[in-house]
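# Geometric and topological summary
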Amino acid sequence: MNRRDLLKLSALTSILLLSGCTQIIPDPIIRFIEIEPDYKMMMKKSKQERVVIVGGGWAGLSMAKNMKKNAPDMDVILLEQRTQFFSLPISNLWLVGAIDMEYLIHDYLQAARENNYVYINTTVIDVDKSDQVVITTHGALDYDYLVLAPGIEYDYSDWTLNNRSARELQTLYPAGFLSSSEVLSIRNKIFDFQEGVFLMNVPSGNYRSWAAPYERALLMADFFKKEGRNVKIILVDENKEIRIHKEEIQKLFKKEYTDVIEFHPDTRISWVDIKNKKVIVDGDVEFSFDDAILYPKVKSVPLLEKIGLLDGEGEANIKPLTNEFVDYDNIFVIGDARSMNFNRLGSTALSEAKQLSKRILYRSQGEEYLWTSPKSLSFCALSVDPLKLLALQGKYSYDLLENRFNFIEKKMKRKNLRNEDDNSLYEWATGAFNELFKA
Ligand SMILES: Cc1cc2nc3c(=O)[nH]c(=O)nc-3n(C[C@H](O)[C@H](O)[C@H](O)COP(=O)(O)OP(=O)(O)OC[C@H]3O[C@@H](n4cnc5c(N)ncnc54)[C@H](O)[C@@H]3O)c2cc1C
């Protein structure tokens, strides 16, 4: 294989590697990855200080907007591999036909245009930390400050160590916690599912959006019931107890949806028998299913590992109160890609990014911006028509002795709206979309 072929393969692999199918690429291919030593620069070196942001999710979009707003003289560039933004928050309502897809999709060009930063549709494949250069599939870019906001990756290793089986699981039974394609698949499955057993699970660990798997089961039960379909939902929860809104959700499982939802707490799926459509749980018990949504554990994206920024636990190796990497004070990580028992929520990511934009501005002026807690807000829809919700607000405190964050939660009282929609979820989402995409 000559150098050109190798580079071609390298580019192809990089695209595959970073398009959501990372850990399921066979090892031999991964070993071919090589970064061109003579990478071509995509843009001239900036005269202004340059902030490059990797990932245009809730964290990256908020970061780009607030960085430019707080420091108009800085050159702010957002690198995102997707061509359009798809909101995962609220997507459970779309799964059961309660909202239009247009509500979830947003335009990166508008965000960049209205907020005066540069958006480049590309995939970041490496970072040269000593030269301060980000390498993408379209060329390289120098930075003064680098903010990594690439979200998370699935970790199928509890169920299979075979890359091909992991790919098969993701294709057949997508979790719907990463990409719009997965969410589309799930919606089609729900609409097509006339009768039988639909199996779902809740992983353990700090998975993305604690409420979302319960919310999805409730909304699906509500949908199947209203459609008069003979469906049983088996919900296998690896956690000892329902992770959030325990009493309210338990009550609904036991009373309102007892004929639809069969709930198995403290039950771990140890293996998925793809051929026979069965999951094997602890104690060798089996559950057969006709269709399923399988949510594996989550982990750091491989890009962080590739550029040597993970600690021994596989988490981003950052200083807790400044988000900067331990060995590089000009490289930061925010959003779901950060670890440390922060709730993996878009609201947290958005709020944390605002703060980091100030920290970077202060640093460029030789000062330090002190940490304050980001704010979290998560919703859990219980039914549609009328739309009933639970909501949890929260802040964090940092325990210096224990070296960890504690979540201080505040349940938001819902109005007792028996026959009216509770619109606070839409109010929050519309506000967030305006904040991220408009000036
Ligand atoms: C069903 C569901 C319901 C939810 N409900 C709520 C809720 O009520 N409230 C709430 O606050 N949150 C909720 N969330 C959680 C929320 O979606 C996430 O916490 C949020 O998306 C995290 O934002 P992020 O920017 O860190 O990551 P992401 O949104 O995942 O964004 C990461 C971005 O980085 C890009 N990227 C990754 N690697 C590269 C690369 N190498 N090069 C270029 N681009 C790259 C990806 O394409 C992606 O666009 C929910 C999630 C789900 C699935």
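Predicted, not measured: the structure shown is a model, and the values here were computed from it. (Residues numbered from 1 in each chain as written. Predicted model: local features only at pLDDT ≥ 70, side-chain atom pairs only at ≥ 80, totals over all residues. Heavy atoms only, no water.)

### Focus on the nonpolar core
Formed by 110 residues in total, the largest nonpolar core has its most connected members in L199, I261, L294 and I360. Among the elements that make up this core, the one with the highest residue count is helix α8 (residues 212-227) (nine residues). Each of domain 2 (50-151 + 301-364) and domain 3 (163-296) gives at least three residues to this core. Among all residues touching I261, those that are not within four sequence positions of it are A217, L218, A221, I233, L235 and F253. Counting 23 residues, the second largest nonpolar core, distinct from the first, contains I77, I307, I318 and F325. (Core = buried A, V, L, I, M, F, W, Y, C linked by side-chain atoms within 4.5 Å. Buried < 20%, exposed > 50% of the residue type's maximum accessible area, 1.4 Å probe, protein only. Helix = DSSP H or I, 4+ residues; strand = E, 2+ residues; numbered from the N terminus. Domains from an automatic or database assignment. Contact = heavy atoms within 4.5 Å.)

### Quick notes on the sheet that holds strand β7 (residues 133-136)
Strand order in the open sheet formed by three strands is β6-β7-β8, with antiparallel pairing between adjacent strands. The strands lining the two open edges of the sheet, one partner per strand, are β6 (124-128) and β8 (139-142). Within the sheet, the average angular offset between the axes of one strand and its neighbour, ignoring direction, is 20 degrees. Taken together, the four bridges between β7 and β8 define a ladder with antiparallel strand orientation. Bridged to I135 within β8 is A140. (Pairing = 2+ DSSP bridges. Axes fitted to C-alpha atoms, helices over the stretch in contact; angles between N-to-C directions.)

### Re the site of the ligand
In the vicinity of the ligand lie 36 residues, with A59, E80, R208, D336 and S347 positioned nearest. Here a nitrogen atom of the ligand sits 3.0 Å away from a polar atom, N or O, in the main chain of V124. Within the backbone of S347, one N or O atom sits 2.8 Å away from an oxygen atom of the ligand. When residues in the shell around the ligand are grouped by element, the largest group, three residues, is from strand β21 (residues 376-383). Residues that form the shell around the ligand fall into these classes: 16 nonpolar, 15 polar and five charged. When residues are assigned to domains, the shell around the ligand turns out to be shared by domain 2 (50-151 + 301-364) and domain 3 (163-296), each giving three or more. (Near = heavy atom within 4 Å. Polar contact = N/O pair within 3.5 Å; in protein donor to acceptor, adjacent residues only side chain to side chain. Nonpolar A, V, L, I, M, F, W, Y, C, P; charged D, E, K, R; others polar.)

### Quick look at the side chain of D422
For D422, the location among the structural elements is in the loop between β23 (404-412) and α12 (424-437). For D422, a relative accessible area of 8% gives the class buried. Here S424 takes part through its side chain, which lies 2.8 Å from a polar atom of the side chain of D422.

Nothing here speaks to function; it is all geometry.
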